[in-house]
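Architecture at a glance
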Amino acid sequence: MKMLVPVDTNPYSAVAARKAAKLAINTWADVTILGIQTAGSAANNMPDAALSSAMSAYCKAFLSNAGEMESPYGDGEPAPWRATGNGVWETSIASETAKKSLRLMVKKGSTLDMILEQAAQDGSDFIVIGSPAKVADPGWTGELDLTAKVANKAPCSVLVVKEEKSVNTVMGILDQDHVSQESLELINQMVTVHQAELKIVGLATAKGLDERVEMKMGEVLDYYASKGVKAWITMVKENEMEDFAARAAETSLVGIWLGKKSFLAKIFSKDRVSQLINATNSSVLVLK
Amino acid sequence: MKTALIYIEENLASSMALRYTSRLANLIDLALQVIHVEEPENKNHFGTGWTRRTWEHGIEEAGLQEVDRLLKTERIDCRFLGSPVVRVGDRDSELLSEMSHHPYNLYIEGRLNTASVRDFYSLLGSRLYRKMTCPSLIVKNLVPIDRVLLLAAEGVDPDQLTSCFSRLFDPESIPVDLLYFHFQENDSPVWEQEHEMADYLNEIITPLADKGWNIEKKQVVRGTPEKVADLLRDYGLVVSTFPTRKCPHYELLAMLPNPILICK
């Protein structure tokens, strides 16, 4: 698995780095922590000092959260930054014991474009990105609603991390029969990391649950049962879904499968995803 | 041996009901009769006599194939009373007719848990549930049955609850707790002293103790149906009585994600 963790210098990025570490240690992911240096800032030949210093701290926090004994990332210090392209700097953990890569990268450019570009270049399976807990809190510079835009436009699943709080239920909302194996595994990881229960929510039309969705829910239920994960089934009608998801997000980690064929993509239009992300102080998982 | 009529269709709810029943059969000496009802949309358009019988036979055959497919997929380990019964007509009428001819100890069906209490109200408000004389098990989710909760509240008849429960389950076959639910509008549930409801709770505890049951936890909770339902998620089965009117107890039954046994 390849995980991308875009960061800036705000506290939510530290929360995202810690969350990413817990997921990474469970999945043995190759991780890229990506800092974006907006055009015009800092010196030309080195990454911005505040950003690189914050990234070193995130890296340290990542390694300590990944656990020293079983960590696949080793326990060394990041090597000095080196330029690897025009406005691109990289470093990684220099550890002989590392089995998986932990790379730090700074790119200069538009925040959204750089995140999407890096996700495409790496073939990322998963993006973990921090977001201010409240709309009024300081957020990503240069881009309004950045996290919602990343969640909408990224080719892979995205976890928008807000403040750290205990999650006792992970909720996966489903309305289509296309569910990728990666997304099932991600949900499984979320359940494991939070030691939470799983709720599989099917979206029903006025006529009831689509036969294919129902079959897929059954398969998903079997999949988790075989892994010993306790899963609850719930059905929600289209016109109740938005309120349901917003309410649920207060206490659960809400995961929404947003595939191309998804009706949820209509209910949770780009604006709605923004609203869900902005309206709650909980983390939101957009599955693809 | 107890007999149960289980209604199935080829869907997730029935799949869960079958699998849950298979688990239940480890606790209760149970023999199952599978039933399925095909409800034709325009049954008056298909004439009379031979034409109608042929048409009905075709529908029955399709229904039987549906039931067979599900039973083959689930391959549950249960004793069956006979071959699956497939009927054509109104679901409630056909099920009530089957129950009137064969006095089953239990009726079972799967219903997906929904976020809307109205769906549950319309299920329990249906002619089938109003007229049915045996207890009914509504399987909303597939969970392990390692602990049972007897749910009491205002309007719950202790005699009905204890006699129905003890008719189905043998003493000490499973750990049992007892909870009295009070409604309050406040968001956070509050646990109250058991002695507050001692007289009422004893009407449940004593007859069960006489039959060899030991109620492990006896609790009284005050809260909203939504929050209390959330507290009870660990129970593999919640047992209560049929609510006769819309009340907080009814709403709690609707909001519970657990399988529920409704005593009559």
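You'll find the structure just up there.
Here's what I pulled together on the structure shown here. (Residues numbered from 1 in each chain as written. Chains lettered and ligands numbered in written order. Predicted model: local features only at pLDDT ≥ 70, side-chain atom pairs only at ≥ 80, totals over all residues. Heavy atoms only, no water.)

Residue and element names in this part refer to chain B. Looking at helix 4 (residues 117-124), one finds that the buried residues are Phe120, Tyr121, Leu123 and Leu124. All buried residues of helix 4 project into a common sector of 160° when viewed along the axis, lining one side. Next to the buried residues of helix 4 lie strand 5 (106-110), helix 5 (127-131), strand 6 (136-139), helix 9 (248-255) and strand 12 (260-263). Where helix 4 begins, the side chain of serine 116 points an oxygen toward the backbone nitrogen of arginine 118, at a separation of 3.2 Å. (Buried < 20%, exposed > 50% of the residue type's maximum accessible area, 1.4 Å probe, protein only. Helix = DSSP H or I, 4+ residues; strand = E, 2+ residues; numbered from the N terminus. Arc of directions from axis to C-beta. Contact = heavy atoms within 4.5 Å. Polar contact = N/O pair within 3.5 Å; in protein donor to acceptor, adjacent residues only side chain to side chain.)

Looking now at the interface of chain A and chain B. Contact residues are listed per partner, giving 20 residues for chain A and 20 residues for chain B. Across the chain A/chain B interface, buried area totals approximately 1,600 Å², and carbon plus sulfur atoms make up 52% of it. At the boundary of chain A and chain B, one finds five salt bridges. When the shortest N-O distance is used, the salt bridge between lysine 230 of chain A and aspartate 234 of chain B registers 3.7 Å. Summed over the shared surface of chain A and chain B, the result is nine residue pairs in polar contact (both at pLDDT 80 or more). Among the secondary structure elements, those contributing two or more residues to the side of chain A that touches chain B are helix 6 (211-226), strand 10 (231-237) and helix 7 (238-248) of chain A. Here the side of chain A that touches chain B gets seven residues from one element, more than from any other, and that element is strand 10 of chain A. A class-by-class count of the residues in the side of chain A that touches chain B yields nine nonpolar, four polar and seven charged. (Buried area = accessible area lost by both parts, 1.4 Å probe. Salt bridge = Lys/Arg side-chain N within 4 Å of Asp/Glu carboxyl O. Nonpolar A, V, L, I, M, F, W, Y, C, P; charged D, E, K, R; others polar.)

Quick look at the state of the cysteines now. Here a disulfide denotes a covalent bond joining the sulfur atom of one cysteine to the sulfur atom of another. All names here are of chain B. Overall, the coordinates contain zero disulfides over all chains when judged by the stated rule. As a non-bridged cysteine, cysteine 134 has cysteine 164 as the owner of its nearest cysteine sulfur, 9.1 Å distant. Classification of cysteine 134 by relative accessible area gives buried; the value is 8%. (Disulfide = S-S within 2.5 Å.)

All names here are of chain A. Turning to its location among the elements, tryptophan 81 is positioned in the loop between helix 2 (49-65) and strand 3 (82-85). Overall, tryptophan 81 belongs to the buried group, its relative accessible area being 19%. Separated by 11 residues in sequence, tryptophan 81 and serine 92 have C-alpha atoms that sit 8.5 Å apart. Not counting the four nearest positions on each side in its chain, tryptophan 81 is found in contact with Met46, Pro47, Ser52, Met55, Trp89, Glu90, Thr91, Leu104, Met105 and Val106.

The next subject is the pattern of salt bridges. Taken as a whole, this structure holds 25 salt bridges over all chains when the rule is applied. One salt bridge in this structure joins arginine 233 of chain B and glutamate 197 of chain A, with 3.2 Å as the shortest N-O distance. Taken as a pair, arginine 233 of chain B in the loop between helix 8 (225-231) and strand 11 (237-241) and glutamate 197 of chain A in strand 9 (residues 197-204) lie in two separate chains rather than in one. Taking the relative accessible area as the measure of exposure, arginine 233 of chain B reaches 11% and is therefore buried. For arginine 222 of chain B, the salt bridge identified is with glutamate 192 of chain B, shortest N-O distance 2.4 Å. Of this pair, arginine 222 of chain B sits in strand 10 (residues 215-223) while glutamate 192 of chain B sits in strand 9 (residues 190-192), placing them 30 residues apart in sequence.

With that out of the way, let us pick up the pairing of strand 4 (residues 88-92) of chain A. Residues and elements named next belong to chain A. Counting buried positions over the five residues of strand 4 gives four, a clear majority of the element. Across three bridges, the pairing between strand 3 and strand 4 is antiparallel. When the sheet's bridge partners are listed, arginine 82 is paired in strand 4 with glutamate 90. Connecting the antiparallel pair strand 3 and strand 4 is a turn made up of two residues, with glycine 87 showing a positive phi of about 70°. (Pairing = 2+ DSSP bridges.)

Moving on, we get to the packing of helix 1 (residues 11-27) of chain A against helix 5 (residues 181-194) of chain A. Residue and element names in this part refer to chain A. Following both chains from N to C, one finds helix 1 and helix 5 inclined at 110°, their axes separated by 10 Å at the closest point. For the element pair helix 1 / helix 5, the angle class is roughly perpendicular. The chirality of how helix 1 crosses helix 5 is right-handed. Between helix 1 and helix 5, the contacting residues are Lys19, Lys22, Leu23, Asn26 and Thr27 on the first element and Gln189, Met190, Thr192, Val193 and His194 on the second. Of the residues belonging to the contact of helix 1 with helix 5, the class tally is three nonpolar, five polar and two charged. (Axes fitted to C-alpha atoms, helices over the stretch in contact; angles between N-to-C directions. Parallel < 35°, antiparallel > 145°, perpendicular 65-115°, else oblique. Left-handed = near helix turned anticlockwise from the far one by under 90°.)

What follows deals with the environment of valine 128 of chain A. Relative to the assigned elements, valine 128 of chain A resides in strand 6 (residues 126-130). Along the backbone, valine 128 of chain A and valine 191 of chain A are 63 residues apart, and their C-alpha atoms lie at a distance of 16 Å.

Let us now look at unusual backbone geometry. Backbone geometry follows two general trends: most residues other than glycine have a negative phi, and most peptide bonds adopt the trans configuration. Residue and element names in this part refer to chain A. Not every positive phi belongs to a glycine, and tryptophan 28 is a case in point at roughly 50°. With respect to the helices and strands, the residue tryptophan 28 is situated in the loop between helix 1 and strand 2 (30-37). For glutamine 195, which is not a glycine, the phi torsion comes out positive at approximately 50°. Exposure remark for glutamine 195: the relative accessible area of 74% places this residue in the exposed category.

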